[in-house]
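This is what each chain is made of:
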Amino acid sequence: MALMTLFRRKDDAPVRAEARYPALVVMALILLGLILVIFLFADWLAPYDYRTQSLLKRLKPPSFLGGLPEHLLGTDELGRDVLSRLIYAIRFSVLVALGGTLIGAFIGTTLGFIAAHFRGLAEEAIMMLADVQASLPFMMIALALIALFGGGFFLFVAIMGFYGWEVFARLTRGVVIAANTQGYATAVTALGAPARHVYLRHVLPNILSVLIVQFTLNFPQVILLETSLSFLGLGIRPPLTSLGQMLGAGRAYLTSAWWIAVLPGLAIFLTTMSISIVGDWIRDRLDPTLQTR
């Protein structure tokens, strides 16, 4: 399997731990593990309800800067606990990005298989749609869809799912066409196996590593897109919270209460950077042309 190259060199010799896991990758994996824990256990990790307000405690600095000891990272303009809001903001932002990327990957991969199988008119139509999608700034498309259909969390996730599908479609079409010319695919087809069996049991497992790499590259872009829309007030809306929403709300208090905006901004930076580092590392490990002998 192609994924085994993550742990073995091309000649199947053991790889030293420091060679397989550079320090930067280890740090990125630790950060992603922390984000995963926050995503799964936000309800138990958050010290307060992220919606609870207390105007008597508004704009209190973090406890290590002389603030209230019960609010470790301070409070925002409505007296809400910043730590609790940050924990739930990470959960909602990651949920939107994960859902949107999965939807885009499914749509693009499915259309890529259809284009590679039927070729002809179907292929031209799908590739033309991909060209149209790639030629338009997705921010404009998202704004138009939000204006047309309104807000809503699940609708917003669905809109994020339209981002990047054309990349998956182009990539899948190319690798499936190449895979169909390989001996294993032609042999199974010659034995009378239906196309669905060939694609799902033989072609898809062999191109899965390529799709995984593209997923890791697309995921941080969806996070940044969600952040941008929520920053403008067009993404996740109250009473829910997200990193972009916290960043947008805190921009008016940068000089007086910097922690409201800086902390979610730092979370966005660390999350996208970690995913990008791990994605690049996975790509290098799965691409035999980039591996050192």
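Residues numbered from 1 in each chain as written. Predicted model: local features only at pLDDT ≥ 70, side-chain atom pairs only at ≥ 80, totals over all residues. Heavy atoms only, no water.

1. Focus on helix α3 (residues 82-118)
For step 1, the next point in the chain: An ideal rise of 1.5 Å per residue puts 54 Å on 37 residues; α3 measures up with 53 Å between its terminal C-alpha atoms.
For step 2, the next point in the chain: Buried residues dominate α3, accounting for 26 of its 37 residues.
For step 3, the next point in the chain: Just past α3, the residue Arg-119 takes up positive phi, approximately 50 degrees. (Helix = DSSP H or I, 4+ residues; strand = E, 2+ residues; numbered from the N terminus. Expected span 1.5 Å × (residues − 1). Buried < 20%, exposed > 50% of the residue type's maximum accessible area, 1.4 Å probe, protein only.)

2. Notes on the packing of helix α4 (residues 120-135) against helix α7 (residues 165-180)
For step 1, the next point in the chain: Relative to each other, α4 and α7 sit at 145 degrees, their axes nearing to 9 Å. The element α4 and its partner α7 pack so that their crossing is left-handed. Of the residues in α7, those in contact with Glu-123, Ile-126, Met-127, Leu-129, Ala-130, Asp-131, Gln-133 and Ala-134 of α4 are Trp-165, Glu-166, Ala-169, Arg-170, Arg-173 and Ile-177.
For step 2, the next point in the chain: Partitioning the contact of α4 with α7 into residue classes produces eight nonpolar, one polar and five charged. (Axes fitted to C-alpha atoms, helices over the stretch in contact; angles between N-to-C directions. Left-handed = near helix turned anticlockwise from the far one by under 90°. Contact = heavy atoms within 4.5 Å. Nonpolar A, V, L, I, M, F, W, Y, C, P; charged D, E, K, R; others polar.)

3. Some words on empty space enclosed by the protein
For step 1, the next point in the chain: Tallied over the full model, the rule gives one cavity of 30 Å³ or more.
For step 2, the next point in the chain: Roughly 30 Å³ of volume is contained in the largest cavity.
For step 3, the next point in the chain: Ranked by residue count, the leading element in the lining of the largest cavity is helix α6 (residues 153-160), at three residues. (1 Å grid on protein atoms, 1.4 Å probe; cavity = no way out; pocket = protein on both sides within 12 Å on 5 of 7 lines; lining within 4 Å. Points joined across faces, edges and corners; volume = space filled by probe spheres on them.)

4. Quick look at α4
For step 1, the next point in the chain: Its 16 residues give α4 an end-to-end C-alpha distance of 22 Å, which sits within 8% of 22 Å, the value for a rise of 1.5 Å per residue.
For step 2, the next point in the chain: For α4, the secondary structure elements touched by its buried residues are α3, α5 (138-149) and α7.

5. With respect to the side chain of Thr-271
For step 1, the next point in the chain: Mapping Thr-271 onto the fold places it in helix α11 (residues 259-286).
For step 2, the next point in the chain: According to the relative accessible area criterion, Thr-271 is buried, its value standing at 6%.

6. Some remarks on unusual backbone geometry
For step 1, the next point in the chain: Omega for the bond connecting Pro-238 with Pro-239 falls within 30 degrees of zero, at 10 degrees, which places this linkage in the cis form.
For step 2, the next point in the chain: With respect to the element layout, Pro-239 can be found in the loop between α9 (195-231) and α10 (243-250).
For step 3, the next point in the chain: The backbone phi angle of Leu-59 is positive, close to 60 degrees, even though this residue is not glycine.
For step 4, the next point in the chain: Note on placement: Leu-59 falls in the loop between α2 (23-45) and α3.
For step 5, the next point in the chain: At Arg-119, a position not held by glycine, the phi torsion is positive, near 50 degrees.

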